[in-house]
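# Report on the structure
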Amino acid sequence: MSSPILYASSKRGSALGSSDPIADAIGLLRPHTVVEASLHAAGPWAVRFDPFPHVKAGVVVRGECRLALEGHEPVHLREGDFYLLGNPPAYVLASSLTVKPRAAKPLWDGATDGVVRIGPEAEEDTFLCSGHFSFDDTNASILIDVLPPLVHVRAADPRGKLLAHLSELLVTEVETTAVGGSLVLDHLAQILFVHMLRAHADQAGRPVGWLGALNDDGIGAALRAMHADVAHRWTLKELAGISRMSRSAFAASFKNQVGTAPLEYLIEWRMSLARDALRRGTRSISELASATGYESESAFSTAFRRVVGSSPKQFRDAAHRAPA
């Protein structure tokens, strides 16, 4: 745990972040959204997808299918169900897992007018919409590390109705060629993504990491406070007070739910913000030191090197030399 004397008053620099950790994380991830060709299938079918390093998502618009992630029990997806895959291994979508799967890439490479078709169009009984989200690799672990391989939101779940409305809009945009469609698709996909994250955070089996902890009245309040003012000179006593817990109970509960000690989490979040700002060249190193809560550029550089493995200047120079 780092000494609080490294932290400066939050009044010494312009603020970074907000009180919404999900918005903060997605902002840092700079998501690149791709709405893929939709799948229209009839008869027996099966498609095998390669592992994907970031996030995939989809909805069963019509019909049903099986989803089998390598190394995991298959899941039955019914009409109206949504799925989100975090850093998934190879997986299969199929009408039946007894069908020999075809490779997905050639099928999607050969899509016509945004449609992948398997079997006769007149006999179509399954319709799936899907997409993927690629993130800035520098900070991708912020989200990938707290997502399970599969988040399954059933049509009957509390958020299912809202997600269904969003999917209707998504399907309408996919099936039309209206002006501005790509922009609308991008925003709709990201809205769906956020609601899937919320649904995951709401699930009874408490998700691990900061994402699951947000719904805890105590730990969630402390997380939001840290995100709202990363430059504040936070102490364990202050954060425990916000959580309405003793220091020892707060420290143990935070470590258990989030996976790291409270002030260590704060340092890591500060360095994520710092990496992003250095890569984009939005602040000088001295400005970042103040904005992330350090009394001096030297103290900031020491913390940055410990977390990132290089000095802020070395990281910035390497980022600016890298190809876009």
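Please refer to the structure higher up on the page.
This next bit is on the sheet that holds strand β9 (residues 102-103). Spatial ordering of the open sheet is given by β6-β5-β8-β3-β9, a layout of five strands whose pairing is mixed. Taken across any chain shown, the strands that pair with only one partner, and hence form the sheet edges, are β6 (75-77) and β9. Pairing of strand β5 (residues 65-69) with β6, which is carried by three bridges, proceeds in the antiparallel orientation. If you follow C65 over to β6, its bridge partner there is L77.

Under the 1.5 Å per step criterion, the end-to-end length of helix α4 (residues 160-175) is 22 Å for 16 residues, consistent within 8% with the ideal 22 Å. Those residues of α4 that are buried are in contact with β1 (32-35), β4 (55-62), β7 (82-86), β11 (126-134), β12 (151-153) and α5 (181-202).

For the structure shown, the criterion picks out twelve salt bridges. Linking D109 and K105 is a salt bridge whose minimum nitrogen-to-oxygen distance equals 2.8 Å. On the criterion of helical spacing, the pair formed by D109 and K105 is a turn pair, its members being four residues apart in helix α2 (residues 104-109). Both residues of the pair, D109 and K105, count as exposed.

With that settled, consider the packing of aromatic side chains. Scanning the model with the defined rule gives nine aromatic pairs in all. Among the aromatic residues, ring-to-ring pairing joins Y294, F300, F304 and F315 into one connected group. Lying over the aromatic face of F52, K56 brings its terminal NZ or CZ to 5.4 Å of the ring centre.

Thresholds, definitions, all that
Residues numbered from 1 in each chain as written. Predicted model: local features only at pLDDT ≥ 70, side-chain atom pairs only at ≥ 80, totals over all residues. Heavy atoms only, no water. Pairing = 2+ DSSP bridges. Helix = DSSP H or I, 4+ residues; strand = E, 2+ residues; numbered from the N terminus. Expected span 1.5 Å × (residues − 1). Contact = heavy atoms within 4.5 Å. Salt bridge = Lys/Arg side-chain N within 4 Å of Asp/Glu carboxyl O. Buried < 20%, exposed > 50% of the residue type's maximum accessible area, 1.4 Å probe, protein only. Phe/Tyr/Trp six-rings, centres within 6.5 Å; stacked < 30°, edge-to-face > 60°. Lys NZ or Arg CZ within 6 Å of the ring centre and 35° of its normal.

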